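Observations on the model geometry
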Amino acid sequence: GEDVEQSLFLSVREGDSSVINCTYTDSSSTYLYWYKQEPGAGLQLLTYIFSNMDMKQDQRLTVLLNKKDKHLSLRIADTQTGDSAIYFCAESPELSFGAGTTVTVRA
Amino acid sequence: DAGVTQSPTHLIKTRGQQVTLRCSPISGHKSVSWYQQVLGQGPQFIFQYYEKEERGRGNFPDRFSARQFPNYSSELNVNALLLGDSALYLCASSLGPGTGNQETQYFGPGTRLLVL
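Scoring rules and cut-offs
- Residues numbered from 1 in each chain as written.
- Chains lettered and ligands numbered in written order.
- Predicted model: local features only at pLDDT ≥ 70, side-chain atom pairs only at ≥ 80, totals over all residues.
- Heavy atoms only, no water.
- Pairing = 2+ DSSP bridges.
- Helix = DSSP H or I, 4+ residues; strand = E, 2+ residues; numbered from the N terminus.
- Salt bridge = Lys/Arg side-chain N within 4 Å of Asp/Glu carboxyl O.
- Buried < 20%, exposed > 50% of the residue type's maximum accessible area, 1.4 Å probe, protein only.
- Contact = heavy atoms within 4.5 Å.
- Buried area = accessible area lost by both parts, 1.4 Å probe.
- Nonpolar A, V, L, I, M, F, W, Y, C, P; charged D, E, K, R; others polar.

In this section: the sheet that holds strand 1 (residues 5–6) of chain A. What links the strands of a sheet is backbone hydrogen bonding, and the strands pair in either a parallel or an antiparallel sense. Residue and element names in this part refer to chain A. The strand order across the open sheet built from five strands is 1-3-8-7-6, with neighbouring strands paired in antiparallel fashion. The outermost strands of the open sheet, each flanked by one partner alone, are strand 1 and strand 6 (55–58). Here strand 1 runs beside strand 3 (residues 18–23); their pairing, made up of two bridges, is antiparallel. Counterpart to Gln6 in the pairing with strand 3 is Cys22.

Attention now goes to the pattern of salt bridges. What the rule picks out here adds up to eight salt bridges over all chains. Across the salt bridge formed by A:Asp69 and A:Lys68, the nearest N and O atoms sit 3.6 Å from each other. The salt bridge partner of B:Asp85 is B:Arg63, with a shortest N-O separation of 2.8 Å. With B:Asp85 in the loop between strand 8 (74–78) and strand 9 (87–94) and B:Arg63 in the loop between strand 6 (53–57) and strand 7 (64–68), the pair connects residues that are 22 residues apart, well separated along the chain. The residues B:Asp85 and B:Arg63 share a single accessibility class, namely buried. What you see here is one network of salt bridges that share partners, running through B:Arg22, B:Arg67 and B:Glu75.

Turning next to the interface of chain B and chain A. With 22 residues of chain B at the contact, the number on the chain A side is 19 residues. Carbon and sulfur atoms supply 52% of the area that chain B and chain A bury against each other, a total of about 1,500 Å² over both sides. Contact with chain A buries surface across chain B, with B:Pro43, B:Glu103 and B:Phe107 losing the most and accounting together for 28% of the total. Connecting chain B to chain A are zero salt bridges. Mapped onto the side of chain B that touches chain A, the elements with two or more residues apiece are strand 4 (31–37), strand 5 (44–50), strand 6, strand 9 and strand 10 (106–107) of chain B. Looking at side-chain class alone, the side of chain B that touches chain A contains eight nonpolar, eleven polar and three charged residues.

Okay, structure coming up:
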């Protein structure tokens, strides 16, 4: 089975905030990552958080990490149509991915 | 600066054949990792190479092999192809293992392999 779990689908209205959740199992992971994949493309690194941090903000992206519950979330503010993609969280060092969350932005 | 490059972009093979996929890392990166992404799933780790040595291997059969060259580029070989090997093969590079964010991996566009 997978070590990382994510909800499979998220539908959000343009301009609203999106929140994508992820749970992981390896408490020794040093870094946790969020990647974005558009149809037919490779993975684009969005952001990452060091395991001793609780929060990291990077422009429209906010990452929250709850180490006790092994829970990671990605918030996208002011979601745009270009944000429609599959989002993967992954834990280091040999990246272990979940199945990905497909985000659909509707007008 | 160029990102991670992979060749070919697409490939069609038949069962039982062999295939070689190629990857060039970001300049200055010494570690290359390979992942298999089957349609509808997340990427699965196959191999990691650093300084031409294998540093990690995922749960894949011995039909899968790889190597890294002195210029840090890498090849992934798959022998005796099965229909189930049809997937997007992703290469990622990083500075290498260590402290800080040296392990952060940057992905190429992938090679889409179809086995008939």
